[in-house]
Amino acid sequence: MKLILPKLLKFPNLLNALRASPASRVALGLVGLMLALLLLIDVFVSGFLPQRGDAERRHRLLTAELIGSQVGQALQRNDVGALRTLLGAAARREPQLRSAAVLTDGEPRAGIGPHAQHWRLGPDAASTLDNLRVPLLVDGRRSGELQLAFEPHAPSSLAGWLAEPVVLGMALVAVLGFVAFQLYLRRAMRYLDPSAAVPERVRTAFDTLTEGVLVLDVKGRIMLANKAFVALGGPQATAPTGALATELAWLMRALPGDGAGVPWQLATQRNQALLGIQMRVDADPARRREVVANCSPINDGFKRARGCLVSFSDVTELHERTERLREAMAELHSSREEIRAKNDELVQLATRDSLTGCLNRRALLQDSDRAIAAAAAAGTPLSCIMCDIDHFKSINDRFGHGGGDEVLKAVAKALGRGLRTGDLLGRYGGEEFCIILPDADLDQALVVAERLRADVEANAGGSVRHTAEVKVTMSFGVEQLGAGWSRFAALVDRADQALYHSKKTGRNRVTDARALPAAEASEAVAAH
């Protein structure tokens, strides 16, 4: 044992190997249990284990009695020289006898060795295994005592304890038991090893798959894990057979945090497949992997779940392509919106007057022709209002063309403010504007025209910037689409005649085309 222990201490790799081997760990546990049982049996069954102390006690008591009888005979003869000879001979026969002394009437008569150094008992103390006191009898009465000091019975060092027969016996039992248990367990574990349930050719076939595969028993222990699954966990990942799948930290981190539970456990408990489980594996910080897991229970002949087959499909590349496609679609949508905005801007530029924002003359003609055709087809009324800024030339003369432009914009704003969504407002030319009112007869158009005239008179001048004390008014002419009229020009000319009449009769007023003098009406009809 003294030679084995230092060698074991010099080989930490051997100890690590013992700790790493399941058979070694179990064997060590069984050896410890066996030794504990032996000690427990010895407590209740006296003498089960050999006790060196009992034999030593009997030997020392027998030696003390033999020396005591011889010393008593020498005292009876009063032969002091014989006492020293007897004690010396006893010391030579008993190597463990350290010192001895013969006392009569409390006084030493003879002795060997440094007795005062080794004698530990007081005058009235009982004998011990190391210090024995033997009474000396002469003629039937006590005449003194023999004191014998032996080597300590209990070992005083670790080496001494290790040299004890019981300790050596227990160590031998432990070593032999460990070897026997380990050999037996290694053989037994070949049959108990979960990996033995899957033939090697099946493992090789699973390793050829690019999809990760994990086969678990009913308790969630790993029966098989192919290379693709282990690779998901990173370069240092392992999936030891027999370990719980829940002990794989990277796998548990990848599960969705919806609180539903571990999917393969749910599949086994419910005996129902769970498909399309989205997972994000972060074992490699440089590139997170998007994985889809499917759990299918493995049933026996009685359709009872005996395990679970879990497959892991790496869809990272597909996910990245989808993200790139989504970004491209977003860019395409943004480009389409930009093109639409540009088209709207082009339409605005093509159909709107750049100064007032009203329809330009070309767009007004097109929209008005469509409105007239729709009104004629549906038999609904349609009215036209022609209006013109009064004394616009004098405004330009007083405030310049910039002031005139401000007036045109203020008037267009006032006119647009008083119209409906479907009404048409266009700049017909210069300071003249045209308004088309679908679904409005002449009387309704007159009301609208009068409201617009009043709004312009009240607000248009005050909203003109950079000018002061400018009065802005407008003259209006109103006509309704007549029966059989299909041309926009005829309707506009008739309303324009009414506008001309408002100019001639004082301006800042609304004229109904029906109220035109007969001569002016005839001129208009003849013209068209």
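So, how was this worked out
- Residues numbered from 1 in each chain as written.
- Predicted model: local features only at pLDDT ≥ 70, side-chain atom pairs only at ≥ 80, totals over all residues.
- Heavy atoms only, no water.
- Pairing = 2+ DSSP bridges.
- Helix = DSSP H or I, 4+ residues; strand = E, 2+ residues; numbered from the N terminus.
- Axes fitted to C-alpha atoms, helices over the stretch in contact; angles between N-to-C directions.
- Core = buried A, V, L, I, M, F, W, Y, C linked by side-chain atoms within 4.5 Å.
- Buried < 20%, exposed > 50% of the residue type's maximum accessible area, 1.4 Å probe, protein only.
- Contact = heavy atoms within 4.5 Å.
- Disulfide = S-S within 2.5 Å.
- pLDDT = per-residue confidence, 0-100.
- Salt bridge = Lys/Arg side-chain N within 4 Å of Asp/Glu carboxyl O.

A word on the sheet that holds strand 1 (residues 97-104). Strands sit in the order 2-1-4-3 across an open sheet of four strands; the sheet is antiparallel. Each having just a single partner strand, strand 2 (107-112) and strand 3 (131-138) make up the two edges of the open sheet. When strand polarity is set aside, the average angle formed by the axes of neighbouring strands in this sheet is 20°. Of the strand pairs in this sheet, strand 1 and strand 2 are connected by five bridges, and their pairing is antiparallel. The residue of strand 2 that forms the bridge with Thr104 is Glu107.

Grouped together as the largest cluster of nonpolar side chains are 31 residues, with contacts concentrated most on Ile389, Val411, Leu415, Phe433 and Met474. Within the residue set of this core, elements represented by two or more residues are strand 10 (382-389), helix 15 (392-417), strand 12 (432-438), helix 16 (442-460) and strand 13 (474-480). Excluding residues that lie within four positions of it along the chain, Leu415 makes contacts with Cys387, Leu425, Phe433, Ile435, Leu452, Val456, Met474 and Phe476. One finds Leu232, Val262, Val281 and Val310 within the second-largest nonpolar core, a separate group that totals 27 residues.

Further remarks concern the state of the cysteines. One pass over the structure, following the stated rule, counts zero disulfides. In this structure Cys384 is a free cysteine whose sulfur lies 3.8 Å from that of Cys434, the closest cysteine sulfur available. Residue Cys384 is classed as buried on the basis of its relative accessible area of 0%. Among the cysteines around Cys387, which has no disulfide bond, Cys434 carries the closest sulfur, lying 8.1 Å off.

Overall, the prediction assigns the protein chain a mean pLDDT of 82, with 85% of residues at 70 or greater. Here residues 7-11 scores under 50 on pLDDT; set against residues more than four positions off or in separate chains, the count is two contacts.

All right, on to the pattern of salt bridges then. Under the defined criterion, the tally for this structure stands at 24 salt bridges. Between Glu457 and Lys471 there is a salt bridge, with the nearest N and O atoms lying 3.6 Å from each other. Here Glu457 is found in helix 16, whereas its partner Lys471 is found in the loop between helix 16 and strand 13, with 14 residues between them in sequence. What makes Glu457 partly exposed here is its relative accessible area of 32%. Among the charged side chains, a network of salt bridges with common partners joins Glu450, Arg453, Glu457 and Lys471.

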